[in-house]
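# Chains, contacts and geometry: an overview
Below are the chains, spelled out letter by letter.
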Amino acid sequence: MRKLLIKITFFTIPILLTGIAIEAMLRKIPNDYKTKVQQYEKHAGDFEVLCLGESHAYSGFNPEYMQIRGFNGSHFAQTLNYDLEILKKYDHKLQKLRYLLLPISYASFTNSLENQWEIKNYFLYYNIKKIHNPKYYTEILSLPFDINIEKLLSYYISHTAAIMTDTNGYSTHYSNPNPDKNLVESGKKMAAVQTAKDYRNWDKNKEFLDEIIMRSKKRGVTVILFTPPAHNRYRMHLDSIQLNKTIRLAESFARQNRNVFYLNFLRDRSFHEDDFYDADHFSSAGAKKLTNKLSSFVENLEREPEN
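Anyway, here's the lowdown on the structure attached to this text. (Residues numbered from 1 in each chain as written. Predicted model: local features only at pLDDT ≥ 70, side-chain atom pairs only at ≥ 80, totals over all residues. Heavy atoms only, no water.)

Bringing the environment of Asn148 into the picture now. Considering the arrangement of structural elements, one finds Asn148 in helix α7 (residues 145–156). Linking Asn148 and Asn62, residues 86 residues apart in sequence, is a C-alpha distance of 30 Å. Not counting residues within four places of it along the chain, the set of residues in contact with Asn148 comprises Leu26, Glu139, Ile140 and Leu143. Among the polar contacts listed, one links the side chain of Asn148 to the backbone oxygen of Leu143, at a separation of 3.4 Å. (Helix = DSSP H or I, 4+ residues; strand = E, 2+ residues; numbered from the N terminus. Contact = heavy atoms within 4.5 Å. Polar contact = N/O pair within 3.5 Å; in protein donor to acceptor, adjacent residues only side chain to side chain.)

A sheet is described by the order of its strands in space; here 5 strands give the open sequence β2-β1-β3-β4-β5, paired in parallel fashion. Strands at the two margins of the open sheet, each flanked by one partner only, are β2 (70–72) and β5 (260–264). Mean inter-strand twist for the sheet, computed between neighbouring axes without regard to direction, equals 15°. Judged from the 3 bridges that link them, strand β1 (residues 49–51) and strand β3 (residues 99–103) form a sheet pairing that is parallel. For Cys51, the partnering residue across the bridge sits in β3 and is Leu101. (Pairing = 2+ DSSP bridges. Axes fitted to C-alpha atoms, helices over the stretch in contact; angles between N-to-C directions.)

The final tally for this structure, using the stated rule, is 20 aromatic pairs. Seen from their ring centres, Phe271 and Phe276 are 6.5 Å apart, and the 50° between their planes marks the pair as tilted. Members of the aromatic cluster, each reached through a chain of ring pairs, are Tyr33, Tyr40, Phe47, Phe71, Tyr82, Tyr90, Tyr122 and Tyr126. Here the basic side chain of Lys245 rests over the ring of Trp202, its NZ or CZ set 4.7 Å away from the ring centre. (Phe/Tyr/Trp six-rings, centres within 6.5 Å; stacked < 30°, edge-to-face > 60°. Lys NZ or Arg CZ within 6 Å of the ring centre and 35° of its normal.)

Structurally, Ser175 can be placed in the loop between α7 and α8 (183–194). For the pair formed by Ser175 and Ser59, sequence separation is 116 residues and the distance between their alpha carbons is 8.7 Å. The contact partners of Ser175, leaving out residues within four places of it in the chain, are Tyr170 and Ser284.

Our focus in this paragraph is the pairing of β3. In terms of burial, β3 is largely enclosed, as 5 of its 5 residues are buried. Here β3 shows no split at all, with Tyr99, Leu101 and Pro103 on one side and Leu100 and Leu102 on the other all buried. The pairing of β3 with strand β4 (residues 222–227) spans 5 bridges and is classified as parallel. Across the sheet, residue Tyr99 finds its bridge partner in β4, namely Thr222. (Buried < 20%, exposed > 50% of the residue type's maximum accessible area, 1.4 Å probe, protein only.)

Moving on, we come to the nonpolar core. If you look at the biggest cluster of nonpolar residues, it comprises 72 residues, and the most contacted ones within it are Tyr40, Leu50, Leu100, Tyr126, Leu209 and Leu225. Discounting chain neighbours no more than four positions away, the residues touching Leu225 are Leu102, Ile104, Leu209, Ala250, Phe253, Val260, Phe261, Tyr262 and Leu263. (Core = buried A, V, L, I, M, F, W, Y, C linked by side-chain atoms within 4.5 Å.)

Below, the discussion takes up a nonpolar patch on the surface. Judged by side-chain polarity, Phe145, Ile149, Leu153 and Ile157 come together as a nonpolar surface patch covering roughly 410 Å² of accessible area. Summarising the element assignment, Ile157 is placed in the loop between α7 and α8. Owing to a relative accessible area of 59%, Ile157 belongs among the exposed residues under this scheme. (Patch = residues over 30% accessible without salt bridge, like charges linked within 9 Å, V, L, I, M, F, W, Y side chains within 5 Å. Areas by Shrake-Rupley, 256 points an atom, 1.4 Å probe, with all protein chains shown as cover. Salt bridge = Lys/Arg side-chain N within 4 Å of Asp/Glu carboxyl O.)

Turning to the packing of helix α4 (residues 80–89) against helix α9 (residues 202–219), a few remarks are in order. Relative to each other, α4 and α9 sit at 25°, their axes nearing to 8 Å. With respect to their mutual orientation, α4 and α9 come out roughly parallel. With respect to the hand of their crossing, α4 and α9 are arranged in left-handed fashion. Of the residues in α9, those in contact with Leu80, Asn81, Asp83, Leu84, Leu87 and Lys88 of α4 are Asn205, Phe208, Leu209, Glu211, Ile212 and Arg215. Of the residues in the contact of α4 with α9, the class split is 6 nonpolar, 2 polar and 4 charged. (Parallel < 35°, antiparallel > 145°, perpendicular 65-115°, else oblique. Left-handed = near helix turned anticlockwise from the far one by under 90°. Nonpolar A, V, L, I, M, F, W, Y, C, P; charged D, E, K, R; others polar.)

Here we come to the pattern of salt bridges. As enumerated under the stated definition, the model contains 13 salt bridges in all. With a shortest N-O distance of 3.9 Å, Asp46 and Lys96 are connected by a salt bridge. Taken together, the positions of Asp46 in the loop between α2 (32–43) and β1 and Lys96 in the loop between α4 and β3 put the pair 50 residues apart, joining distant regions of the chain. The closest approach of N and O atoms between Asp275 and Lys289, which form a salt bridge, is 2.9 Å. Of the two residues, Asp275 is situated in the loop between β5 and β6 (276–278) and Lys289 in helix α12 (residues 284–303); the sequence distance between them amounts to 14 residues. The exposure class assigned to Lys289 is partly exposed, which follows from its relative accessible area of 26%. Each of the salt bridges in this network shares a partner with another, and the network as a whole consists of Glu48, Arg98 and Glu302.

Bringing the environment of Arg303 into the picture now. With respect to the helices and strands, the residue Arg303 is situated in helix α12. Classification of Arg303 by relative accessible area gives exposed; the value is 59%. For the pair formed by Arg303 and Val49, sequence separation is 254 residues and the distance between their alpha carbons is 16 Å. Within the structure, Arg303 has its side chain in polar contact with the side chain of Asn300 (distance 2.4 Å).

Next comes the structure, spelled out in structure tokens:
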């Protein structure tokens, strides 16, 4: 037995040490979550407008076109519970915040990040400890081995890192032309991915948004909910029950809360094919157009006398 334990130890310790070393190397690689955390830490006290949410906001809101200091705090697939956790984490720093922008997309109330690899980024880089599966406590276990090796080679050998965020939090990924742009295929595919099989997450997401609104109300922050524009090739595949249920809930939040407004741009005819990177994300031109619309709405609110 003693010899067996010695053999096991002989083989496992080097493997364990190698794993720890690889994990440390992976965490040193720059990424979009690190970039946004750094911006929050350094500049959150200057943000007057903050946009959270998922990729529709990430591709569609460019703070460069706001008249007051803004920041895009969205990420791919970011759900309402993480919007809430980010607000909680930086509440003490967001002293100048006056407007919170939140996209209400087709899947906003049905989505969940539970057991999806993206949640490890909130645990590792935002230090948001809301994960119960130890798999997502590390980089090395969260993604397939070949992907991690590719990341290591890219950064440590080729000296490149997949940073897609500028200093305002806007995604530079969508600034370049999409070489594989196919609105027909992307519209059908993304609508299918985002159509819910059930509504098990509905009530939880509703509660998360309600808490976001209540916290904002206490701080005197105006919440602007908006449904982003989408190409018809995406809209035509949406389930009408899920879509209408989502829009009605967003409208009810606006009716019931004086600090909440809801803007529905889904079928906005001023957006054309060139404004879309794919059927439900924006090109840089589309982001400018959408941000200008949001900026104009904020400016109108600024001109209204306080009650």
